[in-house]
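Overview (structure and organization)
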Amino acid sequence: MTIAPPPLANLFALFAFALATTLALELPTAALFGVGKRGLGAVVLANLVTNPLFNLVFVLIVFLLGLNAWTYLASLPVAVVLEIAVVIAEWRLLVWALRTTGGSSMKLLAMSVTMNLVSGLVGTLLVTVFFTPLALVFRFF
Amino acid sequence: MRNQVTIWPAGLAAATAAVGCGLVFPVSAVADAGYGPLIDQPLAQVDVAVASILVATLFALGLLGLAHMARTSRLLEKGEAADNAAPEEPPL
């Protein structure tokens, strides 16, 4: 069983899809925290910094491991570790950009955790349904 | 506070460079060797390079935008502090 790795166009499509989906999920979540237009702008910019980098690192790690049924399962903890790094990075970026105009540091940390929890869970679901060859996983067992 | 403002982007840029260097070399080696029995078409090095440039560009744009926002936040804070400190106007 072989899987063709993504050519460049697919990588771009993956990055664009991931960024658009993440923003579509994280902006309404951030709005619930009442950070205002400047806060939402900072969320967009923080995602420009973290999201494509997260996806590039994740894709490279998955391909370094070798994409098959076992490493797909093994990639989930990798994604969790990277997601934790993203939460911390976005929190510090938001604190840096908004200072006290966006609320307290703890509020921005709670916002970063909630945003990434929502986008991480829904993103994993979307990737599993649309991008991952589930048939391969089931065939393996 | 001023040090914090300058250290964070520099730290992130250094971390990105470290991650990039740490990944590009093994990926190049793997791309040369192929991915083993399960994957028969290795990810081309040029794909990784172009994708890395795109990611680095977005990373830089995001940081620049955030740096601009940090500057305006500082100005907003100063404005608010000045408003709070302004003496009341004497009655006419």
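Below or above, wherever it landed, is the structure these notes cover. Everything numeric here is computed off the predicted structure, so don't read it as measured data. (Residues numbered from 1 in each chain as written. Chains lettered and ligands numbered in written order. Predicted model: local features only at pLDDT ≥ 70, side-chain atom pairs only at ≥ 80, totals over all residues. Heavy atoms only, no water.)

Right, let's talk about the overall build of chain B for a bit. Along the backbone of chain B there are two helices and zero strands. Per-residue burial over chain B gives 25% buried out of 92 residues. Entry remark: accessible area of chain B is about 6,100 Å², with carbon and sulfur atoms responsible for 68%. (Helix = DSSP H or I, 4+ residues; strand = E, 2+ residues; numbered from the N terminus. Buried < 20%, exposed > 50% of the residue type's maximum accessible area, 1.4 Å probe, protein only. Areas by Shrake-Rupley, 256 points an atom, 1.4 Å probe, with all protein chains shown as cover.)

What follows is about the nonpolar core. One finds Leu 93, Leu 94, Leu 108 and Met 111 of chain A together with Leu 66 of chain B to be the most contacted residues of the largest nonpolar core, which totals 25 residues. Elements with a contribution of two residues or more to this core: α1 (8–32), α2 (36–65), α3 (69–98) and α4 (105–131) of chain A together with α2 (45–85) of chain B. If you tally residues by element for this core, the top one is α3 of chain A, at seven residues. With near-sequence residues (within four places) excluded, Leu 66 of chain B lies in contact with Ala 42, Leu 45, Ala 46, Val 49, Leu 93, Trp 96 and Ala 97 of chain A. Counting six residues, the second largest nonpolar core, distinct from the first, contains Leu 56 and Leu 60 of chain A together with Ala 51 and Val 55 of chain B. (Core = buried A, V, L, I, M, F, W, Y, C linked by side-chain atoms within 4.5 Å. Contact = heavy atoms within 4.5 Å.)

Take the environment of Arg 71 of chain B next. Looking at the secondary structure, you find Arg 71 of chain B in helix α2. Residues Arg 71 of chain B and Thr 57 of chain B, 14 residues apart in the sequence, show an inter-C-alpha distance of 21 Å.

Before going further, it helps to spend a moment on a nonpolar patch on the surface. All names here are of chain A. A cluster of nonpolar side chains, namely Val 80, Ile 84 and Ile 88, defines an oily patch on the protein surface of about 270 Å² accessible area. Along the chain, Ile 88 turns up in helix α3. Owing to a relative accessible area of 44%, Ile 88 belongs among the partly exposed residues under this scheme. (Patch = residues over 30% accessible without salt bridge, like charges linked within 9 Å, V, L, I, M, F, W, Y side chains within 5 Å. Salt bridge = Lys/Arg side-chain N within 4 Å of Asp/Glu carboxyl O.)

It is worth spelling out unusual backbone geometry at this point. Even without being glycine, Arg 99 of chain A reaches a positive phi, approximately 50 degrees. Residue placement: Arg 99 of chain A occurs in the loop between α3 and α4.

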